[in-house]
Amino acid sequence: MQQIQRNFCFDGEQQTYQWYSKELQGDAKFSIYLPEQARAGEACPAVFYLAGLTCTEETFAIKAHAQRLAAQLGLILVMPDTSPRGETVAKGDSWDLGLGAGFYINATQAPWVEHYRMESYIADELYYAVLEHFPIQKGRIGIMGHSMGGHGALTLAWKYPEKFKSVSAFAPICAPSQCPWGEKAFTHYLGEAREEWLAHDAVALIQSKGALFSEVLVDQGLADQFYHQLHPQLLQQACTKVGQKLTLRQHESYDHGYYFIQSFIDDHLQFHAAKLSD
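Residues numbered from 1 in each chain as written. Predicted model: local features only at pLDDT ≥ 70, side-chain atom pairs only at ≥ 80, totals over all residues. Heavy atoms only, no water.

With that settled, the discussion passes to the sheet that holds strand 3 (residues 26-34). Across the sheet, nine strands lie side by side as 1-2-3-5-4-6-7-8-9; this open sheet has mixed pairing. Each end of this open sheet is capped by a strand with a single partner; those strands are strand 1 (2-9) and strand 9 (246-251). Pairs of neighbouring strands in the sheet enclose a mean axial angle of 20 degrees, with direction left out of account. Sheet strands in contact with helix 4 (residues 118-133) are strand 2 (12-21), strand 3, strand 4 (44-50), strand 5 (76-80) and strand 6 (136-146), and its direction is about 125 degrees off that of strand 2. Contacts from helix 10 (residues 232-242) reach strand 8 (216-221) and strand 9 within the one sheet, and its direction differs from that of strand 9 by about 160 degrees. (Pairing = 2+ DSSP bridges. Helix = DSSP H or I, 4+ residues; strand = E, 2+ residues; numbered from the N terminus. Axes fitted to C-alpha atoms, helices over the stretch in contact; angles between N-to-C directions. Contact = heavy atoms within 4.5 Å.)

If you want it as structure tokens, here you go:
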């Protein structure tokens, strides 16, 4: 694991690492924010942040302005890339497929199957690597994400509740099996069998597995240009059906971008800090 960038930030450090991933079969990058307590060796709770389409390990670190409050709360932030990278990795023919669009699943179809294993990369390989290399409190790890990453946060939380104690999302793709983004990605990565898609669909997972968390926090802008792809109402219906507490906040005038995330990131960090301290 090679540190390739290090910046002092609110008495903590924003760091970027590159390492060889066996799951992705190539070099991968991730960013991590270590508050002052973690720099001193004190074990701290951590939150994984999964970014959306076209993003990298830098996007949240640069655009969300999360480090100030993370420093005050003593939260470690883990920020992986959104897909495998490299010359041998299948690229795709559009911005919403291939590079930058891994969808946090394990592909089963060629030419994606060799490298596109973002689910196992996040939930197994990177998860245990950061526990080994950084002072993270075991059992106190949360997950959140935006858009495609919101889909990833919700689905990985429901697949691995033993690993993630808290979950939240900004404008998540709630039912990817029922929207163009998800249909395109799942057809390429998983094939035509739609019943297999449901194992990677947050609404379907909640309906099948039931209530697993004390609360889920989701923020959604009502001026979101991609609102028709996101289906927050289906998430609300699924949570209501199984008795899962969901705080779904829909905001007038806010769109899909990082100004929206900046506006509410403090609420999400405080939400995770409280849940991880229980």
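Turning our attention to the side chain of Ser-120. Mapped onto the secondary structure, Ser-120 falls in helix 4. Relative accessible area serves as the criterion here: at 8%, Ser-120 is assigned to the buried category. Within the structure, the side chain of Ser-120 is placed 2.8 Å from the side chain of Asn-106, a separation counted as a polar contact. If near-sequence neighbours (up to four positions away) are discounted, Ser-120 is found in contact with Glu-23, Asn-106 and Glu-125. (Buried < 20%, exposed > 50% of the residue type's maximum accessible area, 1.4 Å probe, protein only. Polar contact = N/O pair within 3.5 Å; in protein donor to acceptor, adjacent residues only side chain to side chain.)

Our focus in this paragraph is unusual backbone geometry. Residue Pro-111 is bonded to the preceding Ala-110 through a cis peptide linkage, with omega at 0 degrees. One can find Pro-111 in the loop between strand 5 and helix 4. Positive phi is not limited to glycine here, since Asp-11 has a value of about 65 degrees. Secondary-structure assignment places Asp-11 in the loop between strand 1 and strand 2. You can call Asp-11 partly exposed: its relative accessible area is 44%.

This next bit is on the environment of Thr-54. Relative to the assigned elements, Thr-54 resides in the loop between strand 4 and helix 2 (59-63). In this structure the C-alpha to C-alpha distance between Thr-54 and Ser-120, which are 66 residues apart in sequence, comes to 20 Å. Those residues within four positions of Thr-54 in sequence are excluded, and the remaining contacts are Trp-95 and Gly-100.

Buried residues dominate strand 4, accounting for seven of its seven residues. Sheet topology note: the strand 4/strand 6 ladder contains six bridges and is parallel. Bridge assignment links Leu-50 to a residue of strand 6, and that residue is Gly-145. Pairing of strand 4 with strand 5, which is carried by three bridges, proceeds in the parallel orientation. Among the inter-strand pairings, Val-47 is bridged to a residue of strand 5, identified as Leu-77.

Here the focus is helix 8 (residues 202-209). Because each turn of an α-helix spans 3.6 residues, side chains separated by three or four positions in sequence point in the same direction. What helix 8 keeps buried is the set Ala-202, Val-203, Ala-204, Leu-205 and Ile-206. Buried positions along helix 8 lie against helix 5 (148-159) and helix 10. At the N-terminal boundary of helix 8, the capping side chain belongs to Asp-201, with an oxygen 3.0 Å from the backbone nitrogen of Val-203. Where helix 8 terminates, the next one or two residues include Gly-210, which has phi positive at roughly 85 degrees.

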